[in-house]
Amino acid sequence: MDNLIKKDAFLVDVRTEAEFAEGHVNESTNIPLDQVAPQLEKFTGKEQIVVFCRSGNRSGQAKMILEQNGFKNVINGGTWQKVKEAISK
């Protein structure tokens, strides 16, 4: 996964705005899980999408929503800390 993140993937934190404000990956965009489906246009045209959250559960749901809407380039990055660590390598 690390090499995909370094290739300018679209990093999407699907936690709530409050959780995002407490700490996040600098290069990430905050689209809370309940906003993923209404904001599909933000994902269109992205070469690689990495979704992540606090535990990996919500990002798994976000990945499923995106795949159900035709996106094939989605990776569940798991926790936001894991993604942050992968970027800093």
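Residues numbered from 1 in each chain as written. Predicted model: local features only at pLDDT ≥ 70, side-chain atom pairs only at ≥ 80, totals over all residues. Heavy atoms only, no water.

J.: What should I look at first to understand the overall build of the protein chain in this one?
T.: When helices and strands are counted, the protein chain shows 5 helices and 4 strands. Radius of gyration (C-alpha) of the protein chain: 12 Å, near the 12 Å computed for a compact globule of 89 residues. Referenced to the eigenvectors of the C-alpha coordinate spread, the extents of the protein chain come out at roughly 30 × 30 × 20 Å. Considering the protein chain as a whole, with its 89 residues, one finds that 45% of them fall into the buried category. Partitioning the contacts of the protein chain with sequence separation of at least 6, the portion at a separation of at least 24 is 63%. Carbon and sulfur atoms provide 47% of the accessible area of the protein chain, an area that totals close to 5100 Å². Averaging the coordinates of the 12 positive side-chain charges in the protein chain and doing the same for the 12 negative ones gives two points 5 Å apart. (Helix = DSSP H or I, 4+ residues; strand = E, 2+ residues; numbered from the N terminus. Rg over C-alpha atoms; globule rule 2.2 N^0.38 Å. Buried < 20%, exposed > 50% of the residue type's maximum accessible area, 1.4 Å probe, protein only. Contact = heavy atoms within 4.5 Å. Areas by Shrake-Rupley, 256 points an atom, 1.4 Å probe, with all protein chains shown as cover. Lys, Arg positive; Asp, Glu negative; His and termini not counted. Charge placed at Lys NZ, Arg CZ, Asp CG, Glu CD.)

J.: Even after reading the chapter, I still don't get the packing of aromatic side chains, so can you show me in this structure?
T.: Two aromatic rings are characterised by how far apart their centres lie and by the angle between their planes. All chains considered together, the criterion is met by 2 aromatic pairs. Ring centres 5.7 Å apart and planes at 75 degrees place the aromatic pair Phe10 and Phe43 in the edge-to-face group. Remark: Phe43 occurs in the loop between helix H3 (33-36) and strand S3 (49-53) and Phe10 occurs in strand S1 (residues 10-13); sequence separation between them is 33 residues. Seen in terms of ring centroids, Phe43 and Phe71 are 6.2 Å apart; in terms of plane orientation they differ by 65 degrees. Their pairing is edge-to-face. In this pair, Phe43 sits in the loop between H3 and S3 while Phe71 sits in the loop between helix H4 (57-68) and strand S4 (74-79), placing the two residues 28 residues apart along the sequence. In this structure, Phe43 and Phe71 share a single accessibility class: buried. Taken together through their ring pairs, the aromatic side chains of Phe10, Phe43 and Phe71 make up a single cluster. (Phe/Tyr/Trp six-rings, centres within 6.5 Å; stacked < 30°, edge-to-face > 60°.)

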